[in-house]
Amino acid sequence: EYRQTLCVSFLRKFFVRVSLDLKQRRLDTEPHVQELYSPREASAADTFLSVQRPPTKGYQEWPSQEQQCLQPELSTITNKSRGLVGAPIEHRSARLQSCGEAKFTDDTLPKASDDILHAALVLATVPTGRITKLDAAAALKLPGVTAFYSAQDIKGDNAIGAVIKDEQLFRSEVVTCVGQPLGVIVAESHELAQTAARAVVVEYDISDTDKPVFTIDQAVAAGSYILPRSGDNHSIQCGKDFDQVVKEDPSLAVVEGTIYMGGQEQFYLECNSTVCWPAEDGGLKILSSTQNPTKTQLMVASVLGIPANKVVCTVKRMGGGFGGKETRAAFLAACAAVACSGCKRPIKFTLDRDTDMAITGQRHPFKGIYRAAANPKDSKLVAVDVELYCNAGYSLDLTEAVMDRALLHVENAYKIPNLKVIGYMCKTSTSSNTAFRGFGGPQGMLVAEAYMEHIAAAIGKTTEEVRCANLYKVGDLTHYDQKLEPQINLPKLWDTCKKRSEIESRRIEINAFNSENRYRKRGIAMVPVKFGISFTSKFMNQGGALVHVYTDGTVLVSHGGTEMGQGLFTKVQQCVARAFEIPLACVHVEDTSTDKVPNASPSAASMSTDLYCMAALDACKQILERLEPFRDPKLTFTEIVGKAYFSRVNLSAQGFFIVPHDRCGYDFGKQIQAGETNAVRGQPFNYFTSGVATTEIELDALTGDIHTRRVDIVMDLGSSVNPAIDVGQIEGAFAQGFGLYVLEEMVWGDPEHPWVKPGHLLTKGPGAYKIPSANDTPLDFRVILIDNPNPYAVHSSRAVGEPPLFLASSAFFAIKEAIKDARKEVGLEDHFALDSPLTPERARMACADADATRFAKPNFRALGSF
């Protein structure tokens, strides 16, 4: 439908463009030439590519460095000055990475590099089927091909999984998804290994297995769920049932609707990569691009049938992770480890982009079915009922935790006295979906904003009016009965963003622009976010560090967090330098390794700075207490350390930090008895990070193409440890969120895309899968951090990694505002549904003008691979 409409739209653009040119040429000789179109239609002549794009400009603002630290446990290592903490110091690897000198896993070779072999996977090519033949004889005859390993060669446990063992490292009998590994082949070069993998003969019997399902709706119809459909363990309710509330007050405005949200590829710049080599004691050394070295260590040990203490996993840095390397990197390392153990030679295993995208999973697609009721007089929401469905893929992986976070964020930043939400996890024959920045939060919050926008339309108010009227206030209880403490002030953030973004005066200008242009429309939207910070599983909220002070006054730090570009190592370096009051250059943070800091939680959930900076500071505190007897204002730190050393004082310490027991952990399985509230399940979050964004876009109503004209973001990050890095995180998160809600669409071979081979991923590279580029950067990008110290995190800061991503949904709703104006041109003023991502295709068809309605109905809703 879009392609047919686009042909007509281009013809219209051509006609207007030529008419304009002809008119200009004839004006001199025929000043009274007749107009062939109205002046309002002149905007059809141009595209965003035919006009000069102005340079992008940015503005960043943050409070002064001298901020208060509210943590009593840091009193011994904090004085009035924050020193290096709070300084906008550049990322410690920035110059190496920008010059191409930074080393990543694929750049690294073990000492015996001449002996190294390369691995490639043999992958399933059908969505479901019983393996009847797996023959590598032809592949092994190729010169330089060394060995092939499959399920029968695994010495330990072939069953693997992130939470439960519901997967196999190598499929032994039945495949349930295209791209599942059947084995690993080893050769003398990367290219040869891939050629050999394609030469392995695999045959299937597809008549002996269940019919595959690929989408949420297919799974629901077939009753295909990861866990039983009963929602008792994945539901939250506060207040009364929706039907009871509506029955008691017939004056309430009631809406109901459905919104779909597609998946998203992590698209880290560095694909998954592992190098492993045998140790002399029968163990294994692994260098991996993983956010979770402990999981990698344990999975490799389990698959090989050896104890974990014989496997050492090291991570230098990653070229991005975004959650995609939290669990899925571990099974890839295990594949390489099987080959390494069998060959007794070093193995390098790096995925190509298309394979990485096809087999490692993406963000979970979601479907939200909602009912909402509000008081039309004061715009206050009274009751909401939501059902959430997600596409888990073929295994559980982290789906349960993703769904739980979606349930905890389904109200976003709004107080709703009566709310019920229940979640269902659908099992399909697509790759097992996994963690991605936001971890279910962006999906749940988009549903919240969908029913907010729907209610606003029903009561005749702007969406901003309804959002503002329902914002949480200090002291309110969430639907899971966590009290909002004084440190979170959403109305203040809202008012600040409203003022700084000048939304009211700009809306007047936008209305004037839209009235003057038929085919160019602008829209503006303002959206808040309230994002909970903690792992929702209590045991994961722990972190360790190891700090050594050397006699020359320098310090070496090891900790359990991994560096993926987010600046964790730089922040740890700042905190340690501040604690010892030494220059930044005197502190070095070593590569993460399981033989230095064991049992580490993954670097995820925006928790790494909170955990590992505090763990490092705990170690620093121990050492400083030992140095106290030797302190003398006349002595340098190096001299103090020297005196302590000659007095046989231990200059090394292991630090450890846990989030307090009463500030993390929510038990969804706990049944709530009569008279109890959701508080008996625990407090899921240590604190919240919040912010507000205003986005203005311009839409070409004939093509669906957009330009982001201006973005204003106001964030509360407490007393930032490093505002320069944090602003970078905010800008990057917005760009990634923009891709999620506006551009990036996963297309699978499913009933909605019959031209794609069943179960295969079409969008497995940048040729078909479009991530934001320079042209999608806001023309005017403003980020403002406010001063609001947080007593529950390191140096009174707040986590920053995930919360800003959802603010990009303001672009989604700004586009919808522009589409509303385009629809008014043809007399369509009723509410209409839009799904995410709001790609140019969906935006164009939603405009529903005469060109579009030749090929689709006005409320045409293009389905996707949900």
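Residues numbered from 1 in each chain as written. Predicted model: local features only at pLDDT ≥ 70, side-chain atom pairs only at ≥ 80, totals over all residues. Heavy atoms only, no water.

Undergrad: Please provide a residue-by-residue account of the pairing of strand β18 (residues 418–427), values included.
TA: The buried fraction of β18 is high, at eight of ten residues. Pairing geometry for strand β10 (residues 235–238) and β18, over four bridges, is antiparallel. Each bridged residue has a counterpart across the sheet, and for Cys238 the counterpart in β18 is Leu419. Where strand β17 (residues 381–393) and β18 come together, ten bridges link them in parallel fashion. If you follow Gly393 over to β18, its bridge partner there is Lys427. Between β17 and its parallel partner β18, the chain crosses via helix α10 (residues 399–408), and the hand of that crossover is right-handed. (Buried < 20%, exposed > 50% of the residue type's maximum accessible area, 1.4 Å probe, protein only. Helix = DSSP H or I, 4+ residues; strand = E, 2+ residues; numbered from the N terminus. Pairing = 2+ DSSP bridges. Right-handed = clockwise from strand over helix to strand, strands pointing away.)

Undergrad: Please provide a residue-by-residue account of the pattern of salt bridges, values included.
TA: As a working rule, side chains carrying opposite charge can pair if their charged atoms are close by. Applying the stated criterion to the full structure yields 46 salt bridges. The partner of Arg709 in a salt bridge is Glu696, and the shortest N-O contact between them spans 2.9 Å. Within this pair, whereas Arg709 is found in strand β26 (residues 706–716), its partner Glu696 is found in strand β25 (residues 687–700), the two being separated by 13 residues in sequence. The class of Glu696 is buried, set by a relative accessible area of 7%. Through salt bridges that share partners, Glu502, Arg506, Arg520, Arg522, Glu696, Glu698, Arg709, Arg710 and Asp712 make up one connected network. (Salt bridge = Lys/Arg side-chain N within 4 Å of Asp/Glu carboxyl O.)

Undergrad: With reference to specific residues and values, describe the environment of Val756.
TA: Topologically, Val756 is positioned in the loop between α18 (723–743) and β27 (780–786). Those residues in contact with Val756, other than ones at most four positions away along the chain, are Val747, Trp748, Gly749 and Leu762. (Contact = heavy atoms within 4.5 Å.)

Undergrad: Break down the side chain of Thr695 for me, citing the residues and quoting the values.
TA: With respect to the helices and strands, Thr695 occurs in strand β25. Here the side chain of Thr695 touches Ser810 through a polar contact of 2.7 Å, side chain to side chain. In contact with Thr695, not counting residues within four places along its chain, are Gly523, Ile524, Ala525, Thr708, Arg710, Val711, Phe734, Ser810, Ala811 and Ala814. (Polar contact = N/O pair within 3.5 Å; in protein donor to acceptor, adjacent residues only side chain to side chain.)

Undergrad: Could you give an account of the nonpolar core, naming the residues involved and the relevant values?
TA: By size, the foremost hydrophobic cluster in this structure holds 165 residues, and its most contacted members are Leu388, Tyr451, Phe580 and Ile819. Sorting elements by how many residues they give to this core places helix α16 (residues 608–627) first, with twelve residues. With sequence-adjacent residues up to four places away left out, Phe580 is seen in contact with Val547, Val549, Val555, Cys620, Ile623, Leu624 and Phe637. Formed by 39 residues, the second largest nonpolar core is a distinct cluster that contains Ile160, Leu169, Val300 and Cys343. (Core = buried A, V, L, I, M, F, W, Y, C linked by side-chain atoms within 4.5 Å.)

Undergrad: Requested: an account of the packing of aromatic side chains, with residues and values cited.
TA: Evaluated as defined, the whole model comprises 14 aromatic pairs. Their ring planes at 25° and their centres at 5.0 Å tell us that Tyr260 and Phe866 sit as a pair that is stacked. Of this pair, Tyr260 sits in strand β11 (residues 253–261) while Phe866 sits in the segment after α20 (840–846); the two residues are 606 residues apart in sequence, bridging distant segments of the chain. Of the two residues, Tyr260 and Phe866, both sit in the buried class. Between Arg522 and the ring centre of Phe513, over which it is positioned, the NZ or CZ distance is 3.7 Å. Looking at Arg663, its charged tip hangs above the ring of Tyr792, at a distance of 3.6 Å from the centre. (Phe/Tyr/Trp six-rings, centres within 6.5 Å; stacked < 30°, edge-to-face > 60°. Lys NZ or Arg CZ within 6 Å of the ring centre and 35° of its normal.)

Undergrad: For a nonpolar patch on the surface, give the residues involved together with the corresponding values.
TA: On the surface, Leu11, Phe14, Val18 and Leu22 cluster together into a nonpolar patch covering about 380 Å² of accessible area. When you line up the elements, Val18 lands in helix α1 (residues 2–26). (Patch = residues over 30% accessible without salt bridge, like charges linked within 9 Å, V, L, I, M, F, W, Y side chains within 5 Å. Areas by Shrake-Rupley, 256 points an atom, 1.4 Å probe, with all protein chains shown as cover.)

Undergrad: Which residues make up the pairing of strand β2 (residues 117–123), and what values go with them?
TA: Most of β2 sits out of view: six of its seven residues are buried. With two bridges joining them, β2 and strand β15 (residues 347–350) adopt parallel strand pairing. The partner of His118 across the bridge, within β15, is Lys348. Sheet topology places β2 next to strand β8 (residues 181–187); six bridges connect them, and they run antiparallel. Bridging from a neighbouring strand, Leu121 pairs with Val184 of β8.

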